[in-house]
Amino acid sequence: MPASEIVFVLVVLLGIAMVVTGTCRNLPVPFTVILVLIGMLLGYLSHVLHFMEPLQGFTLSPEIMLFVFLPALIFESGFALDARQMIKDLPPILILAIPAMLMSTFVVGLGVWWALDIKLIVALVFGALISATDPVAVVALFKELGAPNRLNVLVEGESLLNDATAIVAFSILLGIAVEGGGISWSDADNIFLEFLRVFIGGALFGALLGFVVCELLYRMHSGISVILTSSIIIAYASFVIAEHSFHVSGVMAVVGSAIALRRFGVTRFRQDTTHSIHEVWEVIALSCNSLLFLLVGLSISIGALFNQLGPIAIAIALVLSARALSIYSIVPLAVKWFKLPH
């Protein structure tokens, strides 16, 4: 496909997303769901209308997801968080993000294995893939109700880190599945140690990289353009280097670098510089989010979707049940131990 057509289609998709974002702001359904539905409709029309055929070449591949969209979205979420409050509430956030996420993974995996007669390791891979949460609608509701900042940080921090937990668990389980081996209780200690190595190693590497870049920017008395460009470099470099050079979690590396930049850099930058960084990353995140969900919709076959409604309904029920189980079992303990807001 010529570069001119690629640019034109991307501009049209972004234009559609902006119209949806502006007109559906007050609807009770998250705009991302509407974007997926529009993407599915566009995908169907691309097979019916001749002038829309170029859309058939726009599908969401793992490489695009991992190396284009994911670092930008994770970095923006990490940088937008109140780093000081998140560090204070890190123990409860970790408890909500790791045990609850892993519990949901195993509940969904075991349920799919039992209900759909799928190989256990494959069912667990699906459980890790589907169990991460998206707090977009919840955070929007908090803003409308004027919820305390600490509650916002707990929810957004938990969502950010459970994304990392899900990806680490998914990668480990997928590696076991690809090798053709099964999973047994004797493997549990090795899997747990590998999880900690990948999870914590990624966070430490990202934090170190973010701290070093903050020091360099401060000592060079960098201007706003250099700082903004450096933040984009950190977001993508931390992910790629962590994944390919150190074989640790790229997501946690991005989270660590974003929090380090917010914690050690913002206090040294001028207020207008910090405000500009926030605004630029909001634009980047909105663009990536919009294109991502439209591409998800374009990648879905409506016929295949309707043919699998039964298994999809079972999976939805299992995901909701697993999330409810993890919330009602772990959240009361976290509230009691860490005096969280009720």
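Everything below is about the structure shown above.
Worth saying up front: this structure is predicted, and the values here are computed from it rather than measured. (Residues numbered from 1 in each chain as written. Predicted model: local features only at pLDDT ≥ 70, side-chain atom pairs only at ≥ 80, totals over all residues. Heavy atoms only, no water.)

(A) Broad picture of helix 11 (residues 224-244). Between its terminal C-alpha atoms helix 11 stretches 30 Å, which fits the 30 Å expected from 21 residues at 1.5 Å a residue. Listed as buried for helix 11 are Ile227, Leu228, Ser230, Ser231, Ile234, Ala235, Ser238, Phe239 and Ala242. (Helix = DSSP H or I, 4+ residues; strand = E, 2+ residues; numbered from the N terminus. Expected span 1.5 Å × (residues − 1). Buried < 20%, exposed > 50% of the residue type's maximum accessible area, 1.4 Å probe, protein only.)

(B) Representation of the side chain of Glu158. Summarising the element assignment, Glu158 is placed in helix 9 (residues 149-178). Setting aside residues up to four positions removed in sequence, Glu158 forms contacts with Ile93, Leu96, Ala97, Thr133, Val153 and Arg323. (Contact = heavy atoms within 4.5 Å.)

(C) The arrangement of the environment of Ala304 in detail. Note on placement: Ala304 falls in helix 14 (residues 302-307). In this structure Ala304 comes out as partly exposed when scored by relative accessible area, which is 41%.

(D) Inspection of the pattern of salt bridges at higher detail. Evaluation of the coordinates by the stated rule reveals three salt bridges. A salt bridge links Glu158 to Arg323, with the nearest nitrogen and oxygen atoms 3.1 Å apart. Within this pair, whereas Glu158 is found in helix 9, its partner Arg323 is found in helix 15 (residues 309-338), the two being separated by 165 residues in sequence. Accessibility assignment for this pair places Glu158 and Arg323 in one class, buried. With a closest N to O distance of 2.9 Å, Arg197 and Glu194 form a salt bridge. Here Arg197 pairs with Glu194, and both are found in helix 10 (residues 188-219), just three residues apart, close to one helical turn. Glu194 sits in the partly exposed class, given a relative accessible area of 31%. (Salt bridge = Lys/Arg side-chain N within 4 Å of Asp/Glu carboxyl O.)

(E) How the structure looks around the nonpolar core. Residues Leu13 and Phe75 are the most contacted members of the largest nonpolar core, which totals 71 residues. Residues Val108, Ala123, Leu318 and Ala322 belong to the second largest nonpolar core, which totals five residues. (Core = buried A, V, L, I, M, F, W, Y, C linked by side-chain atoms within 4.5 Å.)

Remember that the coordinates give geometry; whether it matters functionally is a separate question.
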